[in-house]
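Per-entry structural report
Residues per chain are reported as follows:
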Amino acid sequence: MKKFGLLILGIVLGALAMYFYCSKDVNMMEEPPTIKPPSGIITPAQITALTQAFNPRHKLISDSIFKNAKTQDD
């Protein structure tokens with residue numbers, strides 16, 4: 001009977017602990033957190049400039065690597 005009383009006490013204490021632990025999240029649902037955009041995001045204009053700079057170099061490097069190959073690069 002002593003062990004059964006400790007089991008019930010443990011369940012009650014665990015339920016109380018979970019009640020207080022989970023009750024902190026109530027304000028989170030009423031007011032959503034403010035989310036700032038991540039740093040380091042590039043603009044579409046920068047994407048275009050980087051792509052135009054990359055493509056000729058990639059073609060030059062691929063041509064020099066695969067110039068003696070029997071099959072061409074994809």
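Bear in mind that the values here come from a model prediction, so they are computed numbers and not experimental data. (Residues numbered from 1 in each chain as written. Predicted model: local features only at pLDDT ≥ 70, side-chain atom pairs only at ≥ 80, totals over all residues. Heavy atoms only, no water.)

Looking only at helices and strands, one finds three helices and zero strands in the protein. Start at the N end of the protein and walk to the C end: the helices and strands fall as α-α-α. When burial is assessed residue by residue, the protein has 1% of its 74 residues classed as buried. Total accessible area on the protein stands at roughly 7,500 Å², and carbon and sulfur atoms take up 68% of it. (Helix = DSSP H or I, 4+ residues; strand = E, 2+ residues; numbered from the N terminus. Buried < 20%, exposed > 50% of the residue type's maximum accessible area, 1.4 Å probe, protein only. Areas by Shrake-Rupley, 256 points an atom, 1.4 Å probe, with all protein chains shown as cover.)

Right, let's talk about the packing of aromatic side chains for a bit. In total, this model carries one aromatic pair according to the counting rule given. With a centroid separation of 5.3 Å and 70 degrees between ring planes, the pair formed by Tyr-19 and Phe-20 is classed as edge-to-face. The pair Tyr-19 / Phe-20 is uniform in exposure class, with both members exposed. (Phe/Tyr/Trp six-rings, centres within 6.5 Å; stacked < 30°, edge-to-face > 60°.)

Attention now moves to the confidence of the model for the protein. Looking at the protein, the pLDDT average stands at 82 and 85% of residues meet or exceed 70. Considering each helix and strand of the protein separately, the mean pLDDT is smallest for helix 2 (residues 26-30), with a value of 60, and largest for helix 1 (residues 2-22), with 91. (pLDDT = per-residue confidence, 0-100.)

What follows deals with a nonpolar patch on the surface. Among the surface-exposed residues, Met-1, Phe-4, Leu-6, Leu-7, Ile-8, Leu-9, Ile-11, Val-12, Leu-13, Leu-16, Tyr-19 and Phe-20 lie close enough to one another that they form a single nonpolar patch of about 1,300 Å² accessible area. With respect to the element layout, Val-12 can be found in helix 1. (Patch = residues over 30% accessible without salt bridge, like charges linked within 9 Å, V, L, I, M, F, W, Y side chains within 5 Å. Salt bridge = Lys/Arg side-chain N within 4 Å of Asp/Glu carboxyl O.)

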